[in-house]
Amino acid sequence: MRRLLAVFPVLLCVLLGAPAGVGAAAHEVTYDRYSLKVDGERLVLQSAEFHYFRLPSPELWRDVLEKLRAAGFNAVSIYFSWAYHSPKPGVYDFTGVRDVDRLLRTARQAGLYVIARPGPYINAESTGGGLPAWVKTVPGRARSSAPGYQAAYREWLHRINPIIARHQVTGGGPVILYNAENEYQVNTDAAYMQDIQDQARADGIDVPITTNDCCDAGSWSSTWATGPGAVQIPGVDDYPQSFECATPEVWGPWGEGLTERLRDDIPVFAAEYQAGAIDLGNAGYDRCRELTGPAYMKYFYKNNLVTTGATMFSYYMGYGGTNWGWLAQPNDVYTSYDYGAAITEARQLTPKYDEFKRQGYFLEAVAPLAKTDPVTSPAAPDNPALTTTARANPDTGTQFVLVKHADRTATGTDDATLDWAAPDGRHRVPVRVKGRDAHVLVAGYDLGGQRLVLSTSEIMTHASIGGRDVAVLYGTAGSPGATILRYGSRPAVKVLEGDVRAEYSGGDLRLDYTHDGLARVLVTGGGRRPLLLLLGTDEAAAGFWRAGTGAGPVLVRGTALVRSASASGDTLRLAADTAGGQIEVFAGPAARRLRIGAEDVPVTRTPSGSLLGSTRAPEPVRLPALTAWRSRAEAPEAAPGFDDSRWTAADHTTTISPHQPKTLPVLYADDYGYHYGNVWYRGHFTAAGSETRIDLNAVTGLRGNYLVWLNGRYLGSAAGGVEADSGDASTPPNPDPGPGHFDLPAGVLRPGADNVISVLVANMGHNDDWIADDLRFKQPRGLVAATVGGPVGGPVGGTVGGTPISWRIQGSPGTDPLRGPLNNGGLYGERTGWHLPTYPDKSWKTASAELTPGVTWLRTAFHLDLPRGQDAPVGLRFGGDPSPAYRVQIFLNGWNVGQYGGDIGPQRDFVLPAGILDEHGTNTIALAVTAEQPVAGPGPISLFTYGNVRQGR
C-alpha cells in the first residue's frame with residue numbers, strides 16, 4: 001500500500017452530494033492495487049473531461065460541472081492550455097475567461113474532484129497541442145530535455161503549478177491527481193518526464209502524479225515502471241471505436257477495449273477512455289454520438305469494470321465545447337468540438353448522459369465494487385450465444401457478473417437461463433441480451449438493510465429514505481427480470497404498480513416480472529425494515545435523480561436535471577431544471593412541502609409514500625430576425641499605394657525551423673511573431689518586363705488558403721500546404737501547373753517601376769506534436785517560398801533579374817486583453833476594430849447579396865430579452881449549403897465564435913454562449929467573409945434555441 005501524501009476535506013458524504021474529500025477538513029488518502037481510499041474508505045473514481053478554454057464563459061462552467069456531478073461523476077479531468085495563457089515568453093494571463101482559480105473553486109463547489117493536467121503538452125486537438133506557437137521559435141526539440149525548450153516549459157509549470165497546488169485536497173481543494181505530460185512515448189526522454197515531476201514537487205504538488213499512456217501501455221509497465229520518468233499511477237488511453245463517425249453501425253477495430261493493469265501495486269486506471277470522437281470524415285457530431293452511444297457504453301465500459309476490475313475512470317469527453325477563435329489544430333477538427341459527448345456543445349443532455357447516469361449512480365451506490373478480484377463465473381448461461389465474466393469482493397463475497405454476447409459484433413436478441421451459484425444459494429433465473437448490450441448483475445449484496453441474493457435487473461441506486469430502503473433496478477424494455485431477496489420470515493408484499501409476481505420459499509422472496517415502464521413493490525416485515533423496490537426500463541431509470549440533504553438522500557423523477565437539494569423543517573428545496581409536467585419526490589416523511597428554486601410546487605402524498613406535483617412549462621422564447629445588415633469591403637492591403645512602411649520587415653535570412661526555405665528571405669509568420677489567424681504579405685520588386693508568372697507556396701494547415709494580388713489586380717487563390725508536407729515544407733502543395741502558380745495578365749506588370757505582390761494567407765492553426773517530432777510541430781505557417789519569373793523552368797529564387805523582393809508582413813496587432821491571444825488574426829477589419837460591438841458602422845452601405853474576391857465585412861445588431869430564470873441556449877444558423885468559394889469568421893460582440901464555409905467543415909449551427917451573448921441587451925454580429933471568386937454571400941442567417949428549461953436555483 002502506498003500513501004498518497006494527501007489529506008482530504010469532507011462535506012456530507014452522501015451519494016450525489018459532494019464526494020468525501022471536497023470542501024472541508026483535511027483527511028488522508030491511500031491507495032493499493034484495488035483503488036484509491038479516503039480515510040480508509042475506498043473510492044471508485046469516475047471522471048469526465050472538460051476544457052474550460054473551450055467554453056469562454058465562466059458563468060457557464062458551473063452549469064456544466066453541476067451537470068457532470070448530477071450524472072454520478074465524482075471527478076472532472078481538466079487540461080490546462082499553455083497556449084491559452086501565454087501570448088509570448090514571460091507573459092501569462094490567468095484573469096477573466098482564463099481564471100483557473102475560479103475554475104477550481106467552481107469544481108469544488110460542484111462537489112467534484114479534479115484530475116489536473118497541465119501538460120506542458122496536452123494535444124486535445126488544440127493548436128500546437130497546447131504548446132504556444134512562440135515555442136516554435138525556441139531552440140531545441142519540443143517535448144524534450146533540450147535546454148531551450150526546458151527553460152520555456154519550466155516557466156509555464158512554475159506559473160500553473162502553484163495555482164494547482166493551492167487547490168489540492170491537502171488544502172481543502174478538489175485536486176486529487178496531477179497528470180504529467182500527455183500520451184508521452186516511453187522511449188522519448190525519461191529525463192524530461194522526471195523533470196516535470198520534480199518541478200511539480202518543488203512547486204508544492206503533493207497529490208499522486210499520474211500520466212496517460214497512448215496506445216501501448218506495455219512500455220510503461222516495463223521500461224519506466226520504477227526508473228527515471230516513472231509516475232506513481234500510470235494509466236492508459238483507450239479509443240476502441242476509433243473515429244469513423246460516418247459508419248457508426250460498424251463495431252470498433254480495437255477488440256474488447258480493455259484497459260490494462262500496468263503494475264500489481266496500483267489500481268487499474270482508464271486514464272482517457274473514449275466517450276466520443278473527433279469528426280474525421282465530416283459526418284457531423286450527431287453521428288459521432290451514435291458511434292459512441294449507449295450500446296457502445298454498456299458494452300465497453302461495463303466490460304472494463306468487470307473484466308479488468310478498473311476502479312479509476314476518466315472519460316474523454318464529458319463536454320466538448322467550441323474551438324472558438326484560433327483554438328483548433330488544423331488537421332482533425334473544425335469550430336465545434338462537440339465530440340459527440342454526453343453533454344452537447346450547447347450544454348444539452350443526451351441519451352449518452354442517461355447511460356453515464358445509470359452507470360455512475362451504480363458505481364457510487366455499490367461500495368463492494370471498489371475492491372474485487374477475478375473469479376470463475378458463478379453464472380452459466382444455457383445459451384452459447386451468451387457469455388459471462390465475473391469478479392467478487394474478497395471481503396463481502398459480493399459477486400458482479402457481466403452478461404454479454406459471446407460474439408461482440410452480434411446484433412440480435414438472445415435469451416438464456418442462468419444457473420447461478422450465488423453466495424446465498426443456487427438459483428436459475430432468466431436473462432436477455434439485446435444486440436450490443438451488456439449487463440452487470442449483482443449477487444450476495446447488502447442493499448441497505450436488505451439482503452440481495454441476486455437480481456437479473458441492474459442496480460441503478462439505492463438509499464435509506466425515511467426509515468425504509470428505496471432501490472431503483474432496471475433492465476432492457478421487454479426483457480424478463482428476477483430479483484431474489486432474503487428474509488428471516490415471510491414478508492408482506494404489496495405490488496403498488498405494474499405486473500410483478502412474488503413467491504416466498506426457504507427464506508427467499510423471489511420477484512418475477514417483465515421490464516415495462518416502472519413497477520413498484522413495497523415489501524414489509526420479514527425481520528427487515530421496509531423496502532420500496534422500483535423496477536423499471538432503462539428509460540424509466542434515466543428519469544431518476546439523486547441528491548443529498550442534511551436529512552438524508554432524496555430521489556426525484558420528472559425534472560430535466562437536479563443539481564442539489566436541501567431540507568428545512570417540512571420543506572424540501574430543489575435546485576433543479578424543469579420543462580413542465582409531473583414531478584415525484586421520494587423523501588422522508590417529514591417533507592410535506594416542495595420548493596424548486598423560489599417557487600412552491602403543490603404536492604400530494606402517493607401510495608408509494610412519495611410527493612407528487614406538477615411544474616410549470618417554461619415561457620416561450622421569442623428571437624428577433626437578423627435584418628438591416630450593413631457591409632464594407634476591406635483589403636486595402638491589395639492596393640499598390642497602400643502604406644506598409646509600418647509593417648514588420650520580413651528580412652530574416654536564417655531560421656531555427658527544421659524546414660529550411662528554398663527562397664529567401666524567410667517568410668515564416670511565426671518567425672516574425674504572428675502566430676494565429678490571417679497574415680498579410682506585401683512584396684515589392686522592380687520588374688524587368690519579361691516576367692510572366694508568380695510562384696508561391698504557403699503552408700497553412702488543412703482547410704487553409706491564400707489569395708494573391710499584383711498591383712491591385714486579383715490573380716486567384718490556392719489551397720495551403722498541410723501536414724503531409726511536413727517532410728519538406730517548401731515543396732508546393734500541388735503539382736505544376738496548378739494552384740500556387742499565378743500567370744500575370746497582360747498589362748498588370750509595370751516594367752522599371754515598383755510592383756507590389758499582396759498575399760492574404762489564412763493560417764488554420766499549428767500542428768500538434770503527439771510523436772514529439774519537430775518536423776511535425778515546427779512546420780511553418782504562412783509563405784514559405786516566393787518567385788517571380790518566366791515560364792516553368794525559368795528563374796527561381798526570391799530575386800527578379802538580380803533585384804531582391806522586399807517583403808513586409810502584418811498579422812494580429814497584439815493580444816486582446818479581454819479575449820486573449822487566440823481570438824484575432826490580421827485582417828484589416830480586425831486590426832481596426834470592425835469586429836467590436838462599439839465600432840461605428842452607420843456609414844457602411846446596405847449589404848448586397850454579391851461578394852467580390854477579397855474580404856467583405858457584414859454587421860448587424862439585435863436585441864434580446866430572454867425569459868429570466870430560464871436556460872435557453874441560442875445559436876446562429878446559416879441556411880442553405882455552404883460554398884467552398886468563401887469562408888466566414890463569425891464575431892459575436894467581438895468574440896470570434898467560429899468559422900463557416902464549404903472548405904471548413906459540415907457545421908451550419910454555431911453556439912452563442914451566454915456571457916458572451918447578452919441575453920438581456922443589444923448584441924452585435926460581425927461576419928468577415930473572405931471570397932476566392934465572385935459569389936453570392938452566405939445566407940439566410942437566423943437565430944434559434946437549442947432547448948428551454950426553467951432553472952430553479
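Just so it is clear, the model here is predicted, and its values are computed rather than measured.

Peer 1: Explain the overall build of the chain to me, and be specific about the residues and the numbers.
Peer 2: A count of helices and strands for the chain gives twelve helices and 61 strands. The C-alpha radius of gyration of the chain comes to 31 Å, within 12% of the 30 Å expected for a compact globule of 953 residues. Dimensions along the principal axes, computed over C-alpha positions, put the chain at roughly 110 × 60 × 50 Å. A buried classification covers 64% of the 953 residues belonging to the chain. Across the chain, every contact between residues at least 6 apart in sequence was considered, and the portion connecting residues at least 24 apart equals 72%. Summed over all atoms, the accessible surface of the chain reaches about 31000 Å², with 51% contributed by carbon and sulfur. Counting 85 positive and 97 negative side-chain charges, the chain places the centres of these two groups 6 Å from one another.

Peer 1: Could you give an account of helix H1 (residues 58-70), with specific residues and numbers?
Peer 2: Over its 13 residues, H1 extends 19 Å from the first C-alpha to the last, a length consistent with the 18 Å expected when each residue adds 1.5 Å. Of all 13 residues that make up H1, eleven are buried, and the element is covered over most of its length. Taken together, the buried positions of H1 are occupied by Pro 58, Leu 60, Trp 61, Asp 63, Val 64, Leu 65, Glu 66, Lys 67, Leu 68, Arg 69 and Ala 70. Two residues or fewer past H1, Gly 72 is found with a positive phi of approximately 100 degrees.

Peer 1: With reference to specific residues and values, describe the pattern of salt bridges.
Peer 2: Under the counting rule described, the total for this entry stands at 53 salt bridges. Among the ionic pairs, Asp 286 bridges to Arg 289, the shortest N-O distance being 3.3 Å. Of this pair, Asp 286 and Arg 289 both sit in helix H7 (residues 285-291), three residues apart, roughly one helical turn. By relative accessible area, Asp 286 is classed as exposed at 59%. Judged by relative accessible area, which is 12%, Arg 289 ranks as buried.

Peer 1: Residue-level account of the packing of aromatic side chains, with values.
Peer 2: Per the stated rule, a full pass over the model turns up 52 aromatic pairs. The interplanar angle of 45 degrees and the centroid separation of 6.1 Å between the aromatic rings of Tyr 353 and Trp 545 together place this pair among those described as tilted. Here Tyr 353, found in helix H9 (residues 351-365), pairs with Trp 545, found in strand E29 (residues 544-549); they are 192 residues apart in sequence, far enough to count as distant. Per residue, the accessibility class of Tyr 353 equals that of Trp 545, and both read buried. A centroid spacing of 6.3 Å and a plane angle of 50 degrees characterise the contact between Trp 834 and Tyr 839, whose relative ring orientation is tilted. Put simply, the rings of Phe 73, Trp 251, Tyr 273, Tyr 296, Tyr 299, Phe 300, Tyr 301, Phe 313, Tyr 315 and Phe 356 touch in pairs and so form one group of aromatic residues.

Peer 1: Describe the side chain of Asn 303, naming the residues involved and giving the relevant values.
Peer 2: Here Asn 303 shows up in helix H8 (residues 294-308). The contact partners of Asn 303, leaving out residues within four places of it in the chain, are Glu 256, Leu 258, Lys 298, Thr 308, Leu 402 and Lys 404.

Peer 1: Kindly report on the sheet that holds strand E22 (residues 468-475), identifying the contributing residues and their values.
Peer 2: Pairing is mixed in the open sheet, where five strands are placed in the order E21-E22-E28-E27-E24. Single-partner strands in this sheet number two, and they are strand E21 (458-465) and strand E24 (491-497). Within the sheet, the average angular offset between the axes of one strand and its neighbour, ignoring direction, is 20 degrees. Looking at chain direction, E24 and strand E27 (residues 518-525) are connected through six bridges and run antiparallel. The residue of E27 that forms the bridge with Ala 492 is Thr 524. Across the sheet, H9 touches E21 and E22, and the angle it forms with E21 is around 55 degrees.

Peer 1: Let's hear about the side chain of Lys 302: which residues, and what values?
Peer 2: Along the chain, the position of Lys 302 falls in helix H8. Look past the residues within four positions of Lys 302 in its chain and what remains in contact with it is Met 297, Glu 355, Gln 359, Leu 402, Ala 438, His 439, Val 440, Glu 458 and Tyr 474.

Peer 1: Quick rundown of the packing of helix H3 (residues 100-109) against helix H4 (residues 147-165)? Include the residues and the values.
Peer 2: Packed helices, taken two at a time, are described by their axes: the angle between them and the distance between them. Taken N-terminus to C-terminus, the directions of H3 and H4 make an angle of 25 degrees; their axes are 10 Å apart at the nearest point. With respect to H4, the axis of H3 lies roughly parallel. By crossing handedness, the relation of H3 to H4 is classed as right-handed. Seen from H3, the contacting residues are Val 100, Asp 101 and Leu 104; seen from H4, they are Ile 160, Ile 163 and Ile 164. Split into classes, the residues belonging to the contact of H3 with H4 amount to five nonpolar, no polar and one charged.

Peer 1: Just give me the short version of the pairing of strand E38 (residues 630-633), but keep the residues and values in it.
Peer 2: Here E38 runs beside strand E50 (residues 845-846); their pairing, made up of two bridges, is antiparallel. Bridge pairing in E50 links Arg 630 to Thr 846. Judged from the four bridges that link them, E38 and strand E52 (residues 854-863) form a sheet pairing that is antiparallel. Considered in E52, the bridge of Ala 633 is made with Thr 856.

Peer 1: I'd like to hear about the sheet that holds strand E55 (residues 886-892), residue by residue, with values.
Peer 2: If you walk across this open sheet you meet the six strands as E50-E38-E52-E58-E55-E56, and the pairing is antiparallel. The open sheet has two edge strands, E50 and strand E56 (895-900), and neither has a second partner.

Peer 1: Go over the pairing of E21, please, and point to the residues and values.
Peer 2: Within a regular strand, side chains alternate between the sheet's two faces. Taking burial as the measure, the eight residues of E21 include seven buried ones, the bulk of the element. The pairing of E21 with E22 spans seven bridges and is classified as antiparallel. Paired with Ala 463 across the strands is Val 470, a residue of E22. Once E21 ends, the chain turns through two residues before running back antiparallel as E22, passing Gly 466 with a positive phi of about 60 degrees.

Peer 1: Residues and numbers for the nonpolar core, please.
Peer 2: Residues Phe 50, Tyr 52, Phe 80, Trp 82, Phe 362, Leu 574 and Leu 927 are the most contacted members of the largest nonpolar core, which totals 217 residues. For this core, the element with the most residues is H4, which contributes nine residues. Ignoring sequence-local partners within four residues, the contact set of Tyr 52 consists of Trp 61, Ile 78, Tyr 79, Phe 80, Ser 81, Tyr 84, His 85, Val 97, Val 100 and Leu 103. Counting residues in hydrophobic clusters, the runner-up holds 34 residues, among them Ala 669, Leu 696, Leu 710 and Ile 809.

Peer 1: Please give an account of the environment of Ala 519 that cites residues and values.
Peer 2: Positionally, Ala 519 belongs in strand E27. On a C-alpha basis, the gap between Ala 519 and Val 748 in space is 82 Å, while along the polypeptide they are 229 residues apart.

Peer 1: Kindly report on the state of the cysteines, identifying the contributing residues and their values.
Peer 2: Going through the model one piece at a time under the given rule, you end up with one disulfide. Here Cys 245 connects covalently by a disulfide to Cys 288, the sulfurs 2.1 Å from one another. On the sign convention where negative means left-handed, the S-S torsion of about 105 degrees between Cys 245 and Cys 288 marks this disulfide as right-handed. Residue Cys 245 is found in the loop between strand E10 (233-238) and strand E11 (269-274), and its partner Cys 288 is found in helix H7; the two are separated by 43 residues along the sequence. Just as Cys 245 is buried, Cys 288 falls in that class too.

Peer 1: Tell me about the environment of Ser 457, and name the residues and values.
Peer 2: Examined against the element boundaries, Ser 457 turns out to sit in the loop between strand E20 (450-455) and E21. Residue class for Ser 457 comes out buried when judged on its relative accessible area of 1%. Sequence spacing of Ser 457 and Ala 540 is 83 residues, and the spatial spacing of their C-alpha atoms is 13 Å. Beyond its immediate stretch of four places on either side in the chain, Ser 457 contacts Leu 441, Leu 473, Tyr 474, Gly 481, Ala 482, Thr 483, Tyr 513 and His 515. Only 2.6 Å separates the side chain of Ser 457 from the side chain of His 515, close enough to count as a polar contact.

What counts and how
- Residues numbered from 1 in each chain as written.
- Predicted model: local features only at pLDDT ≥ 70, side-chain atom pairs only at ≥ 80, totals over all residues.
- Heavy atoms only, no water.
- Helix = DSSP H or I, 4+ residues; strand = E, 2+ residues; numbered from the N terminus.
- Rg over C-alpha atoms; globule rule 2.2 N^0.38 Å.
- Buried < 20%, exposed > 50% of the residue type's maximum accessible area, 1.4 Å probe, protein only.
- Contact = heavy atoms within 4.5 Å.
- Areas by Shrake-Rupley, 256 points an atom, 1.4 Å probe, with all protein chains shown as cover.
- Lys, Arg positive; Asp, Glu negative; His and termini not counted.
- Charge placed at Lys NZ, Arg CZ, Asp CG, Glu CD.
- Expected span 1.5 Å × (residues − 1).
- Salt bridge = Lys/Arg side-chain N within 4 Å of Asp/Glu carboxyl O.
- Phe/Tyr/Trp six-rings, centres within 6.5 Å; stacked < 30°, edge-to-face > 60°.
- Pairing = 2+ DSSP bridges.
- Axes fitted to C-alpha atoms, helices over the stretch in contact; angles between N-to-C directions.
- Parallel < 35°, antiparallel > 145°, perpendicular 65-115°, else oblique.
- Left-handed = near helix turned anticlockwise from the far one by under 90°.
- Nonpolar A, V, L, I, M, F, W, Y, C, P; charged D, E, K, R; others polar.
- Core = buried A, V, L, I, M, F, W, Y, C linked by side-chain atoms within 4.5 Å.
- Disulfide = S-S within 2.5 Å.
- Polar contact = N/O pair within 3.5 Å; in protein donor to acceptor, adjacent residues only side chain to side chain.

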